[in-house]
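One letter stands for each residue in the lines below.
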Amino acid sequence: MADGKIRIGIFGGSGYGGSELLRILLQHPQASISFVTANEQAGKAVADVHRNLHGLTDLHFTNAAENLDQTAIDCAFLALPHGQAMEIAPQLALHVKAIDLSGDFRLNDKEEFETHYGRPHTAMEAQAGFVYGLTETNREAIKNARLISNPGCFATATLLGLAPLVANNLITGRVVVDAKTGSSGSGAKAAANTHHPQRMNSFYAYKPFTHQHVPEIEQELKRVGEWNSELVFMTHSLPVARGIFASIYVETPTEITEAELNDTFRRFFADSFFVRIVKGSPDINWVKTTNFCDIGFATRGRQLVVFSALDNLVKGAAGQAVQNMNLMFGWEETTGLKLVGTNP
């Protein structure tokens, strides 16, 4: 540590996830950033790539292939494309705590990973040391962990909506999740289907039945409680820059009122500052740029719909990663994360 602050290395700082890590950590009272890598941007000033950080940092991007001094860091964030963290994580010094924002270490099953991510897993021995980092359901394990696998953005929204129901045995039959995300979820590099002119007035589904977050969701639900329901998970592209909205359709064993459901969710999330229970439907406008997940619901007899809204880049990525870092180093979970949204 330096001046009482932990020293941080960010691997992969040029994308949207890396940008949000920088935005949050530059203001964190317990954090000091030692280096940030971005191979294509190596040598450039961080503020020249992320113009929102102009005047806030003098950091320059370095190349990850350089011999970076691991004695200069206490914590590493891996904000890299899928497949790259598994090359770096096994090489980290044992004194370095690490949080991986990719999908490389989320799944315990090698075959499931290779099926859903379309690449071989070359570091399953290292995977065994990772703890799944959904803070609200795995808080105690995270506190004692050295290595954290940060959940996916869709997985976070879905799991926070389903976990109280699974933990209280309130689900019978099939669960249908209809989830929608903004374009930033596709990364900083434009592709044919994520380019703004293509997306701004469009709406479409993608990866039907095959999204890589499905096995991650089911793996964690089995840890939370008795999960044996069929999960139908559909993702859609929203014509907005950031935000996830999930509608989760469930049938309960017996009729349940909104008042009973409200009590169930509030008890489950009693110690979770970043989950807000709202009346009716949440709105992605009120969670954008924040670490909050807003949850609402509606009931009709045994039929139930849970609505979950969060910022895919903050609670769905960088914010949750910093939330986990806070726990790993023994600080208050909300440190540096009471980010206020905008109105409008």
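Residues numbered from 1 in each chain as written. Predicted model: local features only at pLDDT ≥ 70, side-chain atom pairs only at ≥ 80, totals over all residues. Heavy atoms only, no water.

*Asks:* Would you explain the overall build of the protein chain in this entry?
*Replies:* Each helix and strand counted, the protein chain has eleven helices and 14 strands in total. Computed over the C-alpha atoms, the radius of gyration of the protein chain is 20 Å, within 12% of the 20 Å expected from 2.2 N^0.38 for a compact globule of 344 residues. Principal-axis analysis of the C-alpha atoms gives the protein chain an extent of 60 × 45 × 40 Å. Taking contacts inside the protein chain between residues at least 6 apart in sequence as the whole, the part at least 24 apart equals 69%. As presented, the protein chain carries roughly 15000 Å² of accessible surface, and 49% of it is formed by carbon and sulfur atoms. The averaged location of the 35 negative side-chain charges in the protein chain is 4 Å from the averaged location of its 29 positive side-chain charges. (Helix = DSSP H or I, 4+ residues; strand = E, 2+ residues; numbered from the N terminus. Rg over C-alpha atoms; globule rule 2.2 N^0.38 Å. Contact = heavy atoms within 4.5 Å. Areas by Shrake-Rupley, 256 points an atom, 1.4 Å probe, with all protein chains shown as cover. Lys, Arg positive; Asp, Glu negative; His and termini not counted. Charge placed at Lys NZ, Arg CZ, Asp CG, Glu CD.)

*Asks:* Please clarify how the nonpolar core should be interpreted in this entry.
*Replies:* Nonpolar side chains tend toward joint burial in soluble globular proteins. Of all hydrophobic cores here, the largest spans 45 residues; its most connected members are Ile8, Leu21, Leu25, Phe77, Ile99 and Met325. Listed by contribution, the elements that provide at least two residues to this core are β1 (6-11), α1 (16-25), β2 (31-37), β4 (75-78), β14 (303-310) and α11 (314-328). The element contributing the most residues to this core is α11, with eight residues. The contact partners of Met325, leaving out residues within four places of it in the chain, are Ile6, Ile8, Leu25, His28, Cys75, Phe77, Ile99 and Trp331. (Core = buried A, V, L, I, M, F, W, Y, C linked by side-chain atoms within 4.5 Å. Buried < 20%, exposed > 50% of the residue type's maximum accessible area, 1.4 Å probe, protein only.)

*Asks:* For this particular structure, what's the right way to read the pairing of strand β5 (residues 97-100)?
*Replies:* Each regular strand displays side chains that alternate between the two surfaces of the sheet. Note that β4 and β5 share four bridges and pair parallel. In the strand pairing of β5, Ala76 is matched with Ala98. As defined by bridge partners, β5 adjoins strand β7 (residues 147-149) across three bridges and the pair is classed as parallel. For Ile99, the partnering residue across the bridge sits in β7 and is Ile148. (Pairing = 2+ DSSP bridges.)

*Asks:* I would appreciate a short explanation of the packing of aromatic side chains in the present structure.
*Replies:* Aromatic ring pairs are defined here through the distance separating the ring centres and the angle between the ring planes. Under the counting rule described, the total for this entry stands at twelve aromatic pairs. With a centroid separation of 4.8 Å and an interplanar angle of 15°, the aromatic rings of Phe113 and Tyr117 are classed as stacked. Note that Phe113 and Tyr117 are positioned in helix α4 (residues 110-117) at a spacing of four residues, about one turn of the helix. Note on Tyr117: relative accessible area 10%, which makes it buried. Aromatic rings pair up to connect Phe265, Phe268, Phe269 and Phe297 into one cluster. Directly above the ring of Phe329 sits Lys97, whose terminal nitrogen or CZ lies 4.7 Å from the centroid. Over the ring of Phe292 we find Arg276, and its NZ or CZ is 3.9 Å from the ring centre. (Phe/Tyr/Trp six-rings, centres within 6.5 Å; stacked < 30°, edge-to-face > 60°. Lys NZ or Arg CZ within 6 Å of the ring centre and 35° of its normal.)

*Asks:* Mind showing me how you'd approach the sheet that holds β4 here?
*Replies:* Sheets are built from strands paired through backbone hydrogen bonds, the pairs being either parallel or antiparallel. What the seven strands build is an open sheet, ordered β3-β2-β1-β4-β5-β7-β6; its pairing is parallel. Single-partner strands in this sheet number two, and they are β3 (61-62) and β6 (130-132). The pairing of β1 with β4 spans four bridges and is parallel. In the sheet register, Ile8 faces β4, and the bridge partner there is Cys75.

*Asks:* How do you make sense of α11 when you look at a structure like this?
*Replies:* Along an α-helix, residues three or four positions apart point the same way, because every turn accommodates 3.6 residues. Compared with the 21 Å implied by 1.5 Å per residue over 15 residues, the 18 Å span of α11 between its first and last C-alpha is markedly short. Of all the bends in α11, the greatest measures close to 45° and is centred on Gln320. α11 sits mainly inside the fold: 15 of its 15 residues count as buried. Trailing α11 by a residue or two, Gly330 shows a phi angle of about 80°, which is positive. (Expected span 1.5 Å × (residues − 1). Bend = angle between axes of the 7 residues up to and from the residue.)

*Asks:* Just to check I follow, could you spell out the pattern of salt bridges for this structure?
*Replies:* When charged atoms on two side chains of opposite charge get close, those side chains can pair. For the coordinates displayed, the defined rule picks out 15 salt bridges. Two residues, Lys315 and Glu136, come together in a salt bridge whose shortest N-O distance is 3.0 Å. Residue Lys315 is located in helix α11, and its partner Glu136 is located in helix α6 (residues 135-143); the two are separated by 179 residues in the primary sequence. Each of the two residues, Lys315 as well as Glu136, counts as buried. As a salt-bridge pair, Arg139 and Glu333 come within 2.7 Å of each other at their nearest N and O atoms. Residue Arg139 is located in helix α6, and its partner Glu333 is located in the segment after α11; the two are separated by 194 residues in the primary sequence. (Salt bridge = Lys/Arg side-chain N within 4 Å of Asp/Glu carboxyl O.)

*Asks:* Hey, could you run me through the sheet that holds strand β13 (residues 293-300) in this one?
*Replies:* Pairing in this open sheet of seven strands is mixed, and the strands run β9-β10-β8-β11-β14-β13-β12 from one edge to the other. Looking at the sheet topology across the chains shown, the edges are occupied by β9 (204-206) and β12 (275-277). Between one strand axis and the next, the sheet turns through 25° on average, direction left out of account. In the sheet, β9 pairs with strand β10 (residues 231-237) via three bridges, with the strands oriented antiparallel. Looking at β10, one finds that Ala205 is bridged to His236. (Axes fitted to C-alpha atoms, helices over the stretch in contact; angles between N-to-C directions.)

*Asks:* I'm lost on the packing of α1 against α11 in this one. Help?
*Replies:* To describe two helices that pack against each other, one gives the angle between their axes and the distance between the axes. Put simply, α1 and α11 touch, their axes get as near as 9 Å, and they point 45° apart. Taken together, α1 and α11 sit at an angle that is classed as oblique. As α1 runs across α11, the sense of the crossing is right-handed. Contacts between α1 and α11 involve Gly17, Glu20, Leu21, Arg23, Ile24 and Leu25 from the first element and Val314, Ala318, Gly319, Ala321, Val322 and Met325 from the second. (Parallel < 35°, antiparallel > 145°, perpendicular 65-115°, else oblique. Left-handed = near helix turned anticlockwise from the far one by under 90°.)

So yeah, pure geometry; function would need other evidence.
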